[in-house]
Amino acid sequence: MCGIMTNTDLLILFLITLCATIFFTWYIKRILLQARIADNPIVSEHRHKSGTPTMGGIAFLFTICLIIALYYHNTPILLLSFIMLAGGIVGMVDDLIGLKVKEIQKIVVNTSNEVITLGRLDVEPGEEVRVATPKAKAEVDDLLKSGKVEVIGEVPIKTEPEELEKIICQIVLGLFFALTGVGASLGGFQLGLLAIPVVIIAILGCINCVNLIDGMDGLAAGIVGIASIACCAYGYLFALPNVIPVFLILAGICLGFLVFNKHPASIFMGDTGSFVLGTGYAAAVILADLPYFGVLALGVPILSVVVSLLHRAHIIKLPVEPLHHTLNHYGMSEVKIVLTYWGSTALLCIIGILAKMYIF
């Protein structure tokens with residue numbers, strides 16, 4: 001059951017989501033601080049953030065439960081909430097497993113006057129790197145003995161499920177959502193049974209895009225928030241009222257979390273939060289039947305994933321993965337990177353809206 005919501009209804013929905021997220025994030029932050037559940041970044045440029053509470057995405061789950069209680073009669077909102085809640089639970093399991101330390105990795109600095117090779121990296125004089133790969137671990141002892149590097153610190157590496165296990169869980173999330181019957185008609189095509197793999201791929205891809213981009217203060221929440229607001233504007237400008245409610249919920253969650261997550265962040269969302277936003281954004285795009293603009297609006301995280309895949313396929317070489325950490329590694333400030341990514345997302349959204357107005 002889904003009636004068209006009035007402007008007042010939409011405003012109330014947004015304000016409930018925004019205010020609930022602000023309150024629950026504040027509350028969860030207090031609990032996480034007391035429990036000492038905190039982040040310990042492995043990127044050297046971000047080690048000053050150690051001690052910042054993580055798993056802040058738990059606050060999203062409380063907000064979603066409130067939305068379910070208030071809007072259970074609205075089928076699209078209920079379906080969106082269902083998949084976001086399921087995604088958050090999967091992400092929370094990842095976070096809980098990550099509380100166990102898998103190994104301690106050395107951080108070394110090149111103390112010589114020449115470029116040295118460590119693993120796959122060419123390390124400049126004075127540059128710090130983490131000894132992460134098996135090849136680097138095999139080479140570092142000889143470099144230490146020859147005096148070319150010095151150990152300047154150590155970082156704990158969290159335990160993570162195997163990649164295959166994570167992908168299977170994400171496929172199951174997509175399958176759950178596909179079994180509700182969504183996506184049968186998408187982008188002007190009647191997909192029939194093809195909707196099942198399409199929905200699974202959308203959920204899988206979006207989770208990994210948002211998860212990968214979640215590495216700097218306000219980066220993921222800002223990008224998903226901007227993309228969601230743009231989708232709301234798209235729905236308003238082109239008289240697509242069913243687009244607006246589902247994206248308003250995402251926008252409210254993102255903006256509410258940014259109150260605490262903007263630079264300097266006092267809490268991180270963790271996999272719990274990134275899985276909520278990833279599953280939620282994909283679900284909203286499918287429910288609103290907005291595949292083309294929805295994908296364009298998320299173009300920045302998609303590009304970041306492509307760059308990381310090229311790195312992992314040994315086609316290009318990054319000193320630190322993903323791309324935003326590489327930019328920071330080469331001296332671009334975190335604030336400038338975040339604003340650049342936000343601005344690029346906003347620009348893509350504006351281009352998409354103008355193209356719809358004047359071309360398509």
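Relevant structure appears above.
Since we're looking at a predicted model, the values are computed, not measured. (Residues numbered from 1 in each chain as written. Predicted model: local features only at pLDDT ≥ 70, side-chain atom pairs only at ≥ 80, totals over all residues. Heavy atoms only, no water.)

Student: For the overall build of the protein chain, give the residues involved together with the corresponding values.
Tutor: Along the protein chain, the regular secondary structure elements total 13 helices and seven strands. Relative to the globule expectation of 21 Å for 360 residues, the C-alpha radius of gyration of the protein chain, 21 Å, shows essentially globular dimensions. Projecting the C-alpha coordinates of the protein chain onto the three principal axes gives extents of approximately 75 × 50 × 35 Å. Relative to its full complement of 360 residues, the protein chain shows a buried share of 49%. By sequence separation, contacts in the protein chain at least 24 residues apart represent 73% of the contacts at least 6 residues apart. Surface summary for the protein chain: the accessible area is close to 16,800 Å², and the carbon and sulfur share equals 67%. Here the protein chain contributes 21 positively and 26 negatively charged side chains, and the mean placements of these two sets differ by 2 Å. (Helix = DSSP H or I, 4+ residues; strand = E, 2+ residues; numbered from the N terminus. Rg over C-alpha atoms; globule rule 2.2 N^0.38 Å. Buried < 20%, exposed > 50% of the residue type's maximum accessible area, 1.4 Å probe, protein only. Contact = heavy atoms within 4.5 Å. Areas by Shrake-Rupley, 256 points an atom, 1.4 Å probe, with all protein chains shown as cover. Lys, Arg positive; Asp, Glu negative; His and termini not counted. Charge placed at Lys NZ, Arg CZ, Asp CG, Glu CD.)

Student: Describe the pattern of salt bridges, and please don't skip the residues or the numbers.
Tutor: Should the charged atoms of two oppositely charged side chains come close, the side chains can pair. Under the definition given, this model contains four salt bridges. For the salt bridge of Arg312 with Glu321, the shortest nitrogen-to-oxygen distance reads 2.7 Å. When its relative accessible area of 48% is taken as the criterion, Arg312 is described as partly exposed. (Salt bridge = Lys/Arg side-chain N within 4 Å of Asp/Glu carboxyl O.)

Student: Can you lay out the environment of Val172 for me, pointing to particular residues and giving the numbers?
Tutor: Position of Val172 among the secondary structure elements: in helix α5 (residues 163-178). Of the residues examined, Val172 reaches a relative accessible area of 33% and is grouped as partly exposed. Distance in space between the C-alpha atoms of Val172 and Ala86 is 10.0 Å, their sequence separation being 86 residues.

Student: Describe the pairing of strand β1 (residues 101-110), listing the residues and the values that go with them.
Tutor: Taken together, the nine bridges between β1 and strand β5 (residues 149-158) define a ladder with antiparallel strand orientation. Opposite Ile104, over in β5, you have Pro156 as the bridge partner. Two elements, β1 and strand β4 (residues 128-130), share three bridges in a ladder whose sense is antiparallel. For Val109, the partnering residue across the bridge sits in β4 and is Glu128. (Pairing = 2+ DSSP bridges.)

Student: Let's hear about the nonpolar core: which residues, and what values?
Tutor: Core analysis: the biggest nonpolar cluster contains 84 residues, and Phe177, Ile203, Phe247, Leu277, Tyr281, Leu290 and Phe293 have the highest contact counts within it. Considering every element that reaches this core, the biggest residue donor is helix α8 (residues 244-261), with twelve residues. In this structure, Leu290 is in contact with Cys231, Tyr234, Leu240, Val243, Phe247 and Val285, ignoring residues within four places of it in sequence. Leu121, Val140, Leu143 and Val149 belong to the second-largest nonpolar core, a separate cluster that totals eleven residues. (Core = buried A, V, L, I, M, F, W, Y, C linked by side-chain atoms within 4.5 Å.)

Student: Can you tell me about a nonpolar patch on the surface, naming the residues and giving the values?
Tutor: A surface patch of nonpolar side chains, amounting to about 990 Å² of accessible area, comprises Tyr236, Leu237, Ile350, Leu354, Met357, Tyr358, Ile359 and Phe360. Among the elements of the structure, α7 (219-237) and α13 (334-358) are those that each provide at least two residues to the nonpolar patch. It is α13 that provides the largest number of residues to the nonpolar patch, a total of four residues. Structurally, Met357 can be placed in helix α13. The class of Met357 is partly exposed, set by a relative accessible area of 38%. (Patch = residues over 30% accessible without salt bridge, like charges linked within 9 Å, V, L, I, M, F, W, Y side chains within 5 Å.)

Student: So what about the packing of aromatic side chains? Which residues, and what values?
Tutor: Tallied over the entire structure, the rule returns eight aromatic pairs. Between Phe23 and Trp26, the aromatic rings sit 5.9 Å apart at their centres with planes inclined by 40 degrees, giving tilted as the arrangement. With Phe23 and Trp26 both in helix α1 (residues 7-35) and three residues apart, the pair spans about one turn of that helix. Residue classification places Phe23 among the partly exposed positions, given a relative accessible area of 46%. By relative accessible area, Trp26 is classed as partly exposed at 38%. Ring centres of Phe247 and Tyr281 lie 5.8 Å apart, and the angle between their planes is 70 degrees; on these two criteria the pair is classed as edge-to-face. (Phe/Tyr/Trp six-rings, centres within 6.5 Å; stacked < 30°, edge-to-face > 60°.)

Student: So what's going on with α7? Which residues, and what values?
Tutor: Helical periodicity: at 3.6 residues per turn, an α-helix aligns residues three or four positions apart in one direction. In a regular helix each residue adds 1.5 Å, so 19 residues correspond to 27 Å; α7 covers 27 Å between its end C-alpha atoms and thus fits that length. For α7, the tally of buried residues reaches 14 of 19 residues, placing the bulk of the element in the interior. Note on α7: the residue one or two positions beyond its end, Ala239, has a positive phi of about 50 degrees. (Expected span 1.5 Å × (residues − 1).)

Student: Break down the state of the cysteines for me, with residues and values.
Tutor: Following the criterion strictly, the structure yields zero disulfides and no others. Of all cysteine sulfurs, the one in Cys254 lies closest to Cys65, which takes part in no disulfide; the gap is 18 Å. When its relative accessible area of 40% is taken as the criterion, Cys65 is described as partly exposed. (Disulfide = S-S within 2.5 Å.)

Student: Kindly report on unusual backbone geometry, identifying the contributing residues and their values.
Tutor: Residue Pro264 follows His263 across a cis peptide bond; omega there is -5 degrees. Its place among the elements puts Pro264 in the loop between α8 and α9 (270-287).

Student: Just give me the short version of the packing of α1 against α8, but keep the residues and values in it.
Tutor: Two numbers describe how α1 lies on α8: the axes approach to 8 Å, and their chain directions differ by 35 degrees. As α1 packs across α8, the resulting crossing turns out to be right-handed. When α1 is examined against α8, the residues Leu10, Leu13, Phe14, Thr17, Leu18, Thr21, Ile22, Thr25, Trp26 and Lys29 are found in contact with a partner set consisting of Ile244, Pro245, Leu248, Ile249, Ala251, Gly252, Ile253, Leu255, Gly256, Phe257, Val259 and Phe260. Class assignment for the residues of the contact of α1 with α8 results in 16 nonpolar, five polar and one charged. (Axes fitted to C-alpha atoms, helices over the stretch in contact; angles between N-to-C directions. Left-handed = near helix turned anticlockwise from the far one by under 90°. Nonpolar A, V, L, I, M, F, W, Y, C, P; charged D, E, K, R; others polar.)

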